[in-house]
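# Notes for the structure review
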2 protein chains.
Amino acid sequence: MKIGLLGLGTVGSGVYEIINHQKGHYFATSKEEAIITKVMVRDINKIRNINIPDKLLVTNFEEIVNDDEIQVVICVMGGIELEYSCMIQAMNNGKHVITANKAVVSEYMDILYKTAKQNNVSFLYEASVGGGIPIITSLIQTLRINQIDEIKGILNGTTNFILSKMTDEGWNFADTLKKAQDMGFAEADPTADIDGSDVSRKLSILSSMAFGSHIKDENIYKRGIKEISEADIDMFNDLGYVLKYLAHSKLEGNKYYATVEPVLLTNKNIMSNVNEEFNIVSLNGNIIGELQFYGKGAGKNATANAVVGDLLYIINNDFKKQEITLEQQLENGGNIAFEGKYYLRVDTNDHDQFTKVIDLVDEFSKKKKITFNSSKIYVLTEEIKANIFNKLVDKINAIGVNSFYARIYS
Amino acid sequence: MKIGLLGLGTVGSGVYEIINHQKGHYFATSKEEAIITKVMVRDINKIRNINIPDKLLVTNFEEIVNDDEIQVVICVMGGIELEYSCMIQAMNNGKHVITANKAVVSEYMDILYKTAKQNNVSFLYEASVGGGIPIITSLIQTLRINQIDEIKGILNGTTNFILSKMTDEGWNFADTLKKAQDMGFAEADPTADIDGSDVSRKLSILSSMAFGSHIKDENIYKRGIKEISEADIDMFNDLGYVLKYLAHSKLEGNKYYATVEPVLLTNKNIMSNVNEEFNIVSLNGNIIGELQFYGKGAGKNATANAVVGDLLYIINNDFKKQEITLEQQLENGGNIAFEGKYYLRVDTNDHDQFTKVIDLVDEFSKKKKITFNSSKIYVLTEEIKANIFNKLVDKINAIGVNSFYARIYS
C-alpha cells in the first residue's frame, strides 16, 4: 500500500519514521506492507533532522493527490483551506484520508464525511484530539451501544503544562509561558492554546460525533487563562482546589451546551492529578456509565502513533464504514446547563469600586463567603448557573477592575 | 445473526436486554440484525427478574453449541471446565465465541486462541477484564505499533469498594466487607476477590497479551488485603498516602515480573482517586508512552456493554483476525523488579518480640524511620527490592507477631 504524506514537521517526521523506518516493533505483523512514496514539503532545501531520500520530496500537493499509485493520503500540515482542499481532492480521487489537523476536521467535518461516503473511502482523524489517546476510536465504539450525553476533558498540553507549573512551582503566568516556549511545550505564537480555540476545536470534534450534529467551535463558549495570578494559585492551594483548563459539553433533549473555561477541581477529582503535557477525556454513556481515557496529548511519537493506528485500520480493513452521522437538528443552549459554586477574585484598593463590587456580589449571591486584603476581594459563592454568574462578572468588569473567576467541580 | 447465550445471571440478563430488547439506542445502526435464539440456564423454573419467553430457555449447552443456525455463542457463566468445553465445542462447530469468564480465559487462553485460528472464528473476551473499560480492544490496538513493557491496574471492584470505604468512613475490614455484601458489591463468598485470585486472573490475561506469552495466574505473586487494620488507615491518612489493591507486571528482556498486592499511592497519583467500584488500567508503550483507561469495573450494564461490543465487532467484521500471539519464551522473574520505600506495621507488646523486630529491621534497612506506641511498631524504609523486603517480613512473621506492609508508589 502506497502512502502520500502531506507535511514533514514534528508529527510528519514521526509518522515517516514509524512507517518507512519501521520504528514500531509490531508494525510488520499487518498483512500488507505500507510505504510512504511521496512527501510534500513547503521548502525542499530546508535542513531536516530526519533521514529521508530527496527523491521522495515534492512541493506540490497535486503530485500526491493525483498519483494513481497512492491509496492513502496522510495530512499533517497545520493550515486550513489548502489542507481542506487537499483532503477533498484526495477523496474524490478515491484515496483514503487520515489527518491530525483539528482545525480542518472541526470546520469541515460534515462535508468531509459526505465526501468520504460518496467515494467509499475512509476518513480518519484519531490524532486530531488528545494526541496519543485513542479517544476517537473509543468514542465511535461507545456510540455503537450508548447515547453519550456528556464530555469533559483536559485537551491542551500547553495550557496544562503552564497551569501545572504555576501550581507546583509558584511561577507566574508570563514566566511559565516563557519557560514552556523554551522547553518546546508552547508555540512561539501560543494564542490558539491560551485563548481556548485549540481546545474548542477538539471539543467541537468530540461533541459533534457524540451528539450527532456538526457543532462548530464558533458555537462553543470559551474563556482563556491569561488573567490567572499567583494570588489565585495561592488561594487554590489553601482551599484544596486545583485549577485546570476544562472542555465540557452536554446534551439535554435537542439542546447542546459547550464551554471551554478554567475551572477548579477538588483534589479528589481524577482530573486534578493530570499534569504537564498529559490529557484526559471523560465520556458518559447511558449504558456503560463514565469512561475516562488518559495519555500524552502532544508530542511527536504519541501523535504519530495515532496517525499510524488509523493507517492500520485501513490496512486491516476495519472501520471502513463511516458510522458517524451528523444529522441531528440541535440547538445551541449556551452555558445555562453548567452550574456550580464559584470562586471570584477582584482587584481594587478604591473604596467606591470596593462598595460597588460588594453590592453586585450581594445582588447575585445570597450565601457567600467574602474575604479581602488591602487590594483584593475573594468571593466563594453557593451554586449559581453559569449564565447568571457571567452577568455578575460583566457588571463587575464594567466598573473597570481586574478580576478572575472559576466554577468549582467536585 | 443468531446468537446462543450460555448463562442468564446478572451479566447474561444485561446482554439479553441490550440485544433482544434493543436497550442500547444505537444498536440498530449495525448492518445485520442480531437476535438471541437460545439461552442456557441451570434451572428452567427459577423465578427471574427479566422478561424472556420460556421457549428460549434450554438446560443443555449442546442444544446451543450444536445448533447449526447459531453463529455466535456468548458464555457468561462463572465456572471453568464446563465453560471451557462449551467454548471449544462451539468453535469446533464454526461458531464465534464471546466470553466474560476471566477464569477460563486466563487458564486456557493459548488453546482457545489456537482453536479459534484453526476454525477461522473470533474469540473475544473484552468483558473479562475491567468490566466496561475497553481495555482488551485498546491493548490489541496499542500492540499493533508498540511494545508494552508495563501494566498497572486497579482491577477488582469489591476490594476497591472496601478500601475506599475503610479510608473515607473509617470502617474496619470485617464491617466494610459485610456492608459491601449487603449492598451487592461483594459476593456471599468473597474469597476470590480478597485473596487476589480474581485480580491475578485479570493481570494474567492482560500480561499474556501484552508480553506475548501465556502467563497463568499461578505464576503471579499475590497477597490479600485481610490484614489491613484501622490503625494502618489512620497512619496512611496522616502520611498522605492512599491504600489501593494494585496489579502490576513488567517485561524486562525475556523475564516477566507480576504481582498483586496492597500498595500505597501518594495522593498525586491518578490511581489514588479511583474509588468504589471503578477500575483503572495503565499501559506503557515504547512509542505512545503511558495510557490509562478508567471506568466501571463491574455491574450489569457496563459488563453487558463490553460483551455486546464484542458482538458488534463480529457483526461489523472488524478484528476478525487473531492478532495476539503467545509464542514468546519468557521466564518468571518473581518480584525482584519491584522496588520502593516500604511501610511496615508490627503488633507487639512483648519486650523480647519488640527487640527481635527492631534487630531484623536494622539488618534489612539502613535508613528508616521507626515510631511506636504501646502495642505497635511503624516503620518507613528507604527503597528496597520487593524480594528482599518479603524476606524481612517472613522473618518477622516467624517471631509470631501480626504485621502488615505495603510498598509506596509515588
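About the criteria used
- Just so you know, the residues in each chain are numbered from 1, in the order the chain's sequence is written.
- In the order they appear in the text, chains get letters beginning with A and ligands get numbers beginning with 1.
- The predicted origin of the model limits local features to residues at a pLDDT of at least 70 and limits the giving and counting of side-chain atom pairs to 80 or more, whereas totals for whole chains, interfaces and linings rest on all residues.
- As a rule here, side-chain values come from all non-hydrogen atoms in the structure, and water together with hydrogens is ignored.
- UniProt positions are given in the numbering used here, feature names are shortened, and annotations may be inferred rather than shown by experiment.
- Segmentation of the chain into domains, including their bounds, is taken from an automatic or database domain assignment.
- We call two residues in contact whenever any of their non-hydrogen atoms come within 4.5 Å of each other.
- The quantity reported as buried area is the accessible area (1.4 Å probe) lost by two parts once they are put together, taken as the sum for both.
- A carboxyl oxygen of Asp or Glu within 4 Å of a side-chain nitrogen of Lys or Arg is what we treat as a salt bridge.
- All amino acids are sorted into three groups, where Ala, Val, Leu, Ile, Met, Phe, Trp, Tyr, Cys and Pro are nonpolar, Asp, Glu, Lys and Arg are charged, and the leftover types, Gly among them, are polar.
- Helix and strand assignments come from DSSP, with helices taken as H or I runs of at least 4 residues and strands as E runs of at least 2, each series counted from the N terminus.
- Only strands joined by at least two bridges in the DSSP assignment are considered to pair.
- Aromatic pairs are defined between Phe, Tyr and Trp rings, using the six-membered ring for Trp, whenever the two ring centres lie within 6.5 Å; interplanar angles under 30 degrees are classed as stacked, those over 60 as edge-to-face, and all others as tilted.
- The classification of residues rests on relative accessible area computed with a 1.4 Å probe and restricted to protein chains. Under 20% of the type maximum is buried, over 50% is exposed, and intermediate values are partly exposed.
- By definition here, charges over rings are those cases where NZ of Lys or CZ of Arg is within 6 Å of the ring centre and within 35 degrees of the ring normal.

The name given to chain A in an unreviewed UniProt entry is Homoserine dehydrogenase, with Alkalibaculum sporogenes as the source organism. In its Sequence similarities (unreviewed entry) section, the UniProt record describing chain A reads: "Belongs to the homoserine dehydrogenase family." UniProt's Catalytic activity (unreviewed entry) comment on chain A is quoted here verbatim: "L-homoserine + NADP(+) = L-aspartate 4-semialdehyde + NADPH + H(+)".

## A closer look at the domain arrangement of chain A
All names here are of chain A. Assigned domains within chain A: domain 1 (2-131 + 305-316), domain 2 (135-296 + 327-332) and domain 3 (339-409). The centre of domain 1, based on its C-alpha atoms, is set 27 Å off from the matching centre of domain 2. If you look at the interface, domain 1 gives 17 residues, while domain 2 gives 18 residues. Of the roughly 1500 Å² buried between domain 1 and domain 2, counting both surfaces, carbon and sulfur atoms make up 60%. Along the contact surface separating domain 1 from domain 2 lie 2 salt bridges. Here E107 ties to K216 by a salt bridge, and the two come within 3.1 Å at their closest N and O atoms. Of the residues that constitute the side of domain 1 that touches domain 2, the class distribution is 9 nonpolar, 4 polar and 4 charged.

## Some remarks on the interface of chain A and chain B
Facing 48 residues of chain A, the contacting portion of chain B comprises 48 residues. Taken together, the two surfaces of chain A and chain B that pack against each other cover about 4300 Å², and 54% of this comes from carbon and sulfur. Counting across the interface, chain A meets chain B through 0 salt bridges. Contributing elements (two or more residues each) for the side of chain A that touches chain B: α5 (135-143), β12 (289-296) and α11 (300-316) of chain A. Looking at the side of chain A that touches chain B, its residues break down into 20 nonpolar, 19 polar and 9 charged. Direction of pairing for β12 of chain A relative to strand β12 (residues 289-296) of chain B: antiparallel, over a ladder of 3 bridges. The residue bridging Y294 of chain A from the neighbouring strand is Q292 of chain B, located in β12 of chain B.

## Focus on the packing of aromatic side chains
Any aromatic ring pair is given by two values, namely how distant the centres are and how the planes are angled relative to each other. Here the structure, examined in full by the defined rule, presents 23 aromatic pairs over all chains. Between Y84 of chain B and Y108 of chain B the ring centres are 3.7 Å apart and the planes differ by 15°, which places this aromatic pair in the stacked class. In this pair, Y84 of chain B sits in helix α3 (residues 81-92) while Y108 of chain B sits in helix α4 (residues 102-119), placing the two residues 24 residues apart along the sequence. Grouping residues by exposure puts Y84 of chain B and Y108 of chain B together as buried. Cluster of aromatic residues (ring-pair linked, three or more members): Y113, F123 and Y125 of chain A. Over the ring of Y405 of chain A we find R223 of chain A, and its NZ or CZ is 3.6 Å from the ring centre. In this structure, K179 of chain B packs its charged tip against the face of W171 of chain B, placed 4.0 Å from the ring centre.

## Some words on the UniProt feature "domain: Homoserine dehydrogenase catalytic" (unreviewed entry) in chain A
This chain's UniProt record puts "domain: Homoserine dehydrogenase catalytic" (unreviewed entry) on residues 134-312 of chain A. Secondary structure within residues 134-312 of chain A divides into 41% helix and 27% strand; the distance between the first and last C-alpha atoms comes to 13 Å.

## Some details on the pattern of salt bridges
Side chains that carry opposite charge are capable of pairing whenever their charged atoms lie near each other. For the structure shown, the criterion picks out 36 salt bridges over all chains. Put simply, K165 of chain A and E276 of chain A hold a salt bridge, and the shortest N to O gap is 3.0 Å. In this pair, K165 of chain A is assigned in helix α6 (residues 157-169) and E276 of chain A in the loop between β10 (255-266) and β11 (278-285), connecting sequence segments 111 residues apart. Residue class for K165 of chain A comes out buried when judged on its relative accessible area of 14%. Note that R407 of chain B and E261 of chain B form a salt bridge whose closest N and O atoms lie 3.1 Å from each other. Residue R407 of chain B is located in strand β19 (residues 402-409), and its partner E261 of chain B is located in strand β10 (residues 255-266); the two are separated by 146 residues in the primary sequence. Considered together, R407 of chain B and E261 of chain B belong to a single accessibility category, that of buried residues. One network of salt bridges, with partners in common, ties together E17, K23 and K300 of chain A.

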